[in-house]
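Examining the three-dimensional arrangement
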Amino acid sequence: MTDMTFRTPDGIEVPSVTADEMREVDRLATEEFGIDLPQMMENAGRNLAWHAREMGTAVTVVAGNGGNGGGGMACARHLHNRDVPVRVVLDRPPADLEGAAAHQYAILDQSGVPVDTGPTALGEPSVLVDALIGYGLTGAVRGPAAELVEAMNDRAAPVLSLDIPSGRNATTGETPGEAVDPARVLTLALPKTGLRSADCPVSLADISLPVALYERLGIDYETPFKNRYWVKINPK
Ligand SMILES: NC(=O)C1=CN([C@@H]2O[C@H](COP(=O)(O)OP(=O)(O)OC[C@H]3O[C@@H](n4cnc5c(N)ncnc54)[C@H](O)[C@@H]3O)[C@@H](O)[C@H]2O)[C@H](O)CC1
Ligand SMILES: [K+]
């Protein structure tokens, strides 16, 4: 059987999970541990903003309508709060956003962060954050999201993907249609099995999930975070 673990530079082994297993981690976090989605998303957004700042000085965040997009918009808020030029491009009009994505958008709207829709709004950033689709991908990327994937790949700016490159299946690593080709991936909590075939650096971000949560799921876990909030990982 293929070894599905990743390893940090100092040798800590981190198991990878499928999209379904990660959904179960999320469910346990919210329903049994009381860690709600905005709490996890805040940690995701802050870690993502740190990476975006390291990769460039002017940022365009491309965000979708799910948890991935919500994390991207939280990242945009952290950048804006640090005077980093940042804009957000959505795959739909803001009025059509739902749930956590709508919540994050409303804060950006109050804060004066520019938010537009469609590929012509990407501008000329020095880094692109890909927060369009995460482990919620179903089939090939369609419609306006597909145009945004194509537009991101056409730019010279390096792309930082949140969780999994948009268009890539988080479990299998397959790309049923077009997919973002990132310079770096920041994945959340546990690496996704589909990242084993990634051909760019992958980092893992802490979103504050307790060790007891992994224990309850029977996942063999030692925190890789120790004195940091994110860590580089490689397939073992
Ligand atoms: N513990 C964690 O890891 C956390 C992860 N978070 C992030 O949330 C996403 C998963 O969120 P979910 O809402 O389930 O789905 P996505 O955001 O990945 O995608 C939904 C979004 O994408 C659209 N879509 C799906 N397939 C297609 C397609 N083929 N073509 C076009 N559009 C598509 C769909 O319509 C929705 O709009 C996870 O990856 C993390 O990034 C949480 O933020 C924190 C906890
Ligand atoms: K993504």
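Calculation notes
Residues numbered from 1 in each chain as written. Chains lettered and ligands numbered in written order. Predicted model: local features only at pLDDT ≥ 70, side-chain atom pairs only at ≥ 80, totals over all residues. Heavy atoms only, no water. UniProt positions renumbered as here; feature names shortened; annotations may be inferred. Axes fitted to C-alpha atoms, helices over the stretch in contact; angles between N-to-C directions. Helix = DSSP H or I, 4+ residues; strand = E, 2+ residues; numbered from the N terminus. Parallel < 35°, antiparallel > 145°, perpendicular 65-115°, else oblique. Left-handed = near helix turned anticlockwise from the far one by under 90°. Contact = heavy atoms within 4.5 Å. Nonpolar A, V, L, I, M, F, W, Y, C, P; charged D, E, K, R; others polar. Donors = N, O, S within 2.8 Å, 3.2 Å for Na, K, Ca; no water. Tetrahedral: all angles 85-135°; square planar, octahedral: opposite > 155°, others 65-115°. Pairing = 2+ DSSP bridges. 1 Å grid on protein atoms, 1.4 Å probe; cavity = no way out; pocket = protein on both sides within 12 Å on 5 of 7 lines; lining within 4 Å. Buried < 20%, exposed > 50% of the residue type's maximum accessible area, 1.4 Å probe, protein only. Near = heavy atom within 4 Å. Polar contact = N/O pair within 3.5 Å; in protein donor to acceptor, adjacent residues only side chain to side chain. Areas by Shrake-Rupley, 256 points an atom, 1.4 Å probe, with all protein chains shown as cover. Sits in = over half its atoms within 2 Å of the grid points. Points joined across faces, edges and corners; volume = space filled by probe spheres on them.

An unreviewed UniProt entry lists the protein under the name NAD(P)H-hydrate epimerase, with Halovenus salina as the source organism. As its UniProt record puts it under Sequence similarities (unreviewed entry), the protein is described as follows: "Belongs to the NnrE/AIBP family."

Considering the packing of helix α2 (residues 37-55) against helix α3 (residues 67-80)
Close contact between α2 and α3 brings their axes to 7 Å; oriented N to C, the two are set at 60 degrees. By the angle class used here, α2 and α3 are oblique. In this structure, the crossing between α2 and α3 has a hand that is right-handed. Facing M41, E42, G45, R46, L48, A49, A52 and R53 of α2, the residues of α3 in contact are G67, G70, G71, G72, A74, C75, R77, H78 and L79. Looking at the contact of α2 with α3, its residues break down into 7 nonpolar, 6 polar and 4 charged.

Thoughts on the coordination of the potassium ion (ligand 2)
By definition of the ideal shapes, four donors in a tetrahedron about a metal sit 109.5 degrees apart, and six donors in an octahedron sit 90 or 180 degrees apart. Ligation of the potassium ion (ligand 2) by protein atoms is provided by N68 (OD1), D130 (O), I133 (O), L162 (O), I164 (O) and S166 (OG), these donors lying 2.7 to 3.1 Å from the ion. One can describe the site at the potassium ion (ligand 2) as irregular: its 6 donor atoms subtend angles covering 65 to 174 degrees at the metal.

Details of the sheet that holds strand β2 (residues 13-15)
Strand order in the open sheet made by the 10 strands is β2-β1-β10-β9-β8-β7-β6-β3-β4-β5, with mixed pairing throughout. The sheet is open, and its two borders are formed by β2 and β5 (115-117), each paired with just one other strand. Pairwise comparison of adjacent strand axes, ignoring direction, gives a mean angle of 30 degrees for this sheet. Bridge count for strand β9 (residues 202-205) against strand β10 (residues 230-235) is 4 bridges, and the pairing is antiparallel. Opposite S203, over in β10, you have K232 as the bridge partner.

Quick look at the UniProt feature "binding site: K(+)" (unreviewed entry) in the protein
Per the UniProt record, "binding site: K(+)" (unreviewed entry) is annotated on N68, D130 and S166. With the annotated positions falling across 99 residues, the maximum pairwise C-alpha distance of 9.4 Å places them together in a single cluster. The annotated residues contributing to the lining of the largest pocket are N68. Inspection of the secondary structure puts N68 in helix α3. Setting aside its immediate chain neighbours within four residues, N68 contacts D130, A131, L132, I133, G134, L162 and D163. On the basis of relative accessibility, which here comes to 0%, the residue D130 falls in the buried class. Apart from the residues within four sequence positions on either side, D130 is in contact with V62, N68, M152, V159, L160, S161, L162, I164, P165, S166 and V180.

Thoughts on the site of ligand 1
Close to ligand 1 lie 24 residues; D26, G134, T138, A140 and D163 are nearest. Here R92 contributes a side-chain N or O atom positioned 3.4 Å from an oxygen atom of ligand 1. Contact with the protein chains covers 84% of the free accessible surface of ligand 1, which is 870 Å². A majority-of-atoms criterion places ligand 1 in the largest pocket.

Focus on the layout of surface pockets
In this model, the largest pocket occupies a volume close to 650 Å³. The wall of the largest pocket is formed by 32 residues, among which G66, G67, N68, G134 and G136 lie closest to the centre. Counting only elements with at least two residues in the lining of the largest pocket, the list comes to α1 (19-32), α2, α3 and α5 (143-154). Tallying contributions element by element places α2 first for the lining of the largest pocket, with 4 residues. Counted by class, the lining of the largest pocket contains 16 nonpolar, 10 polar and 6 charged residues. Roughly 280 Å³ of volume is contained in the second largest pocket. Lining of the second largest pocket is provided by N43, R46, N47, A49, W50, R53, H78, R82, D206, Y229 and W230.

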